[in-house]
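Coordinates in review
This is what each chain is made of:
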Amino acid sequence: MIVLAVLFAVLGAASNAMGTAFQRKAASTVARGGGLRLILELAHRPAWLLGVGGVVGAALFQALALVNGPIALVQPLFVLELPFALLIAAPLMDRRLPNTGWWAITCVVSGLALVLGSAAPSGVRDQAPMDRWFPALVLCLGCMAAAVALGRPGRPPLFRAAVLATASAIGNALTAALLKSATGRFAAGGLPAFLTSWQTYGFALTGVCAVLLLENALQAGSLAASQPALTIGDATVSLLLGITLFDERIRTGWWFLPEAIGVGLVVWGVVRLSHVVQSIRDEAPDTGDRLRRTPPVPW
């Protein structure tokens, strides 16, 4: 089961990276417009359809991963989305991945392996009583609302990007916890149980909110400010939700030392990768006003 959870989580990270990269590639070919008109134009582009397929596939892989393993294991593996996105997007943007990018990818992968290998997250529960859900929902939604208030227009761009990305990270983690519970209902009782579970509609709502917050974070400031908060925040909050909601466990004691080293490697790698991605975006071949007129996509 753990092997399947890891496999599906890695496939989900790769699929989401592919989806967002191809969506941005397609969006860069649209001269102007927005809303429904933009969607209709993009729907005629194979790259955009591939991107949508990648995002849908990522959601399915994430659900399968959460059915087979603890959220404290699955969600941190989605950190791999950033290295995958860089490896996919660089050739799409006709750019060559610099040596710093390869070193950063190595740090992220090795650090993540060290963290998860040392922590060895475990847990088999996929449901939690309401006396656990209620404080978790209040705390997560309250922190998201506070971050939105702090990140209101007029604040410094880097600060706004970081706090809005943090809110999106909390939303992503809460969405994963709700999705785990909803898919558990589906596995136990089929489609009727899934459709009558409040967690099903909860993860749909929080997922939409997380995406909107991410879009605002990307518009507010540079990727170097938003991506570390998004990536590290998602993994951290997911770990806390796994422990408090589903009684998941990680190894403690002297294992904290390799875990801390692994976290340091991941953080350094993510920060470096964020700068590399930003530089590739800035140096991509000019497409006139097209890139500037299209909404940013999180890759």
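As shown above, the structure is provided for reference.
Anyway, here's the lowdown on the structure attached to this text. (Residues numbered from 1 in each chain as written. Predicted model: local features only at pLDDT ≥ 70, side-chain atom pairs only at ≥ 80, totals over all residues. Heavy atoms only, no water.)

A closer look at the overall build of the chain
Within the chain one finds 12 helices and zero strands. Starting at the N terminus and walking to the C terminus, you meet the elements of the chain as α-α-α-α-α-α-α-α-α-α-α-α. Pairs at least 24 apart in sequence give 84% of the contacts found in the chain among residues at least 6 apart. When the accessible surface of the chain is totalled, it reaches about 13,900 Å², and 72% of it is carbon and sulfur. (Helix = DSSP H or I, 4+ residues; strand = E, 2+ residues; numbered from the N terminus. Contact = heavy atoms within 4.5 Å. Areas by Shrake-Rupley, 256 points an atom, 1.4 Å probe, with all protein chains shown as cover.)

Quick word on the packing of helix H7 (residues 130-150) against helix H9 (residues 198-220)
Running from N to C, H7 and H9 point in directions that differ by 15 degrees, and their axes come no closer than 13 Å. When the axis of H7 is compared with that of H9, the two are roughly parallel. For the crossing formed where H7 meets H9, the hand is left-handed. Between H7, through Met-130, Trp-133, Leu-137, Met-144 and Val-148, and H9, the contact on the second element is made entirely by Trp-198, Gln-199, Cys-209 and Leu-213. A breakdown of the residues in the contact of H7 with H9 according to their chemical character gives eight nonpolar, one polar and no charged. (Axes fitted to C-alpha atoms, helices over the stretch in contact; angles between N-to-C directions. Parallel < 35°, antiparallel > 145°, perpendicular 65-115°, else oblique. Left-handed = near helix turned anticlockwise from the far one by under 90°. Nonpolar A, V, L, I, M, F, W, Y, C, P; charged D, E, K, R; others polar.)

Here we look at the pattern of salt bridges
Summed over all chains, the structure comprises two salt bridges. The partner of Arg-125 in a salt bridge is Asp-247, and the shortest N-O contact between them spans 2.6 Å. Of this pair, Arg-125 sits in the loop between helix H6 (99-119) and H7 while Asp-247 sits in the loop between helix H10 (223-246) and helix H11 (256-283); the two residues are 122 residues apart in sequence, bridging distant segments of the chain. In this structure, the salt-bridge partner of Arg-132 is Asp-247, at a minimum N-O distance of 2.9 Å. Remark: Asp-247 occurs in the loop between H10 and H11 and Arg-132 occurs in helix H7; sequence separation between them is 115 residues. Residue class for Asp-247 comes out partly exposed when judged on its relative accessible area of 26%. Through salt bridges that share partners, Arg-125, Arg-132 and Asp-247 make up one connected network. (Salt bridge = Lys/Arg side-chain N within 4 Å of Asp/Glu carboxyl O. Buried < 20%, exposed > 50% of the residue type's maximum accessible area, 1.4 Å probe, protein only.)

A closer look at H6
Along its 21 residues, H6 runs 30 Å from first to last C-alpha, staying within 8% of the 30 Å computed at 1.5 Å per residue. Along H6, the residues classified as buried are Gly-101, Ala-104, Ile-105, Cys-107, Val-108, Gly-111, Leu-112, Val-115, Leu-116, Ser-118 and Ala-119. Looking one or two residues beyond H6, the residue adopting positive phi is Ala-120, at roughly 45 degrees. (Expected span 1.5 Å × (residues − 1).)

Things to note about the nonpolar core
By size, the foremost hydrophobic cluster in this structure holds 62 residues, and its most contacted members are Trp-133, Leu-241 and Leu-245. Residue contributions to this core peak at 15 residues, all from helix H8 (residues 157-195). Leu-245 has contacts with Arg-125, Gln-127, Ala-128, Arg-132, Trp-133, Ala-136 and Ala-177, leaving out every residue within four places of it along the chain. (Core = buried A, V, L, I, M, F, W, Y, C linked by side-chain atoms within 4.5 Å.)

Regarding the environment of Ala-217
Mapped onto the elements of the fold, Ala-217 is located in helix H9. Counting along the chain gives 54 residues from Ala-217 to Val-163, while the straight-line C-alpha distance between them is 7.9 Å.

Topic: the packing of aromatic side chains
Counted according to the given criterion, the structure contains six aromatic pairs. For the ring pair Phe-186 and Phe-194, a centre distance of 5.9 Å and an interplane angle of 85 degrees mean the geometry is edge-to-face. By relative accessible area, Phe-194 is classed as buried at 18%. Within the aromatic cluster, the residues linked to one another by ring pairs are Trp-133, Trp-198 and Phe-246. Of note, Arg-251 hangs over the ring of Trp-255, and the distance from its end group to the ring centre comes to 3.7 Å. (Phe/Tyr/Trp six-rings, centres within 6.5 Å; stacked < 30°, edge-to-face > 60°. Lys NZ or Arg CZ within 6 Å of the ring centre and 35° of its normal.)

Points about unusual backbone geometry
The backbone phi angle of Ala-120 is positive, close to 45 degrees, even though this residue is not glycine. Following the sequence through the fold, Ala-120 ends up in the loop between H6 and H7. Of the residues examined, Ala-120 reaches a relative accessible area of 31% and is grouped as partly exposed. Even without a glycine there, the phi angle at Asp-247 is positive, about 55 degrees.

What about the side chain of Gln-62?
When you line up the elements, Gln-62 lands in helix H3 (residues 46-68). A polar contact of 2.8 Å, which involves the side chain of Gln-62, links it to the side chain of Gln-75. (Polar contact = N/O pair within 3.5 Å; in protein donor to acceptor, adjacent residues only side chain to side chain.)

Shape descriptors only; they carry no functional weight alone.
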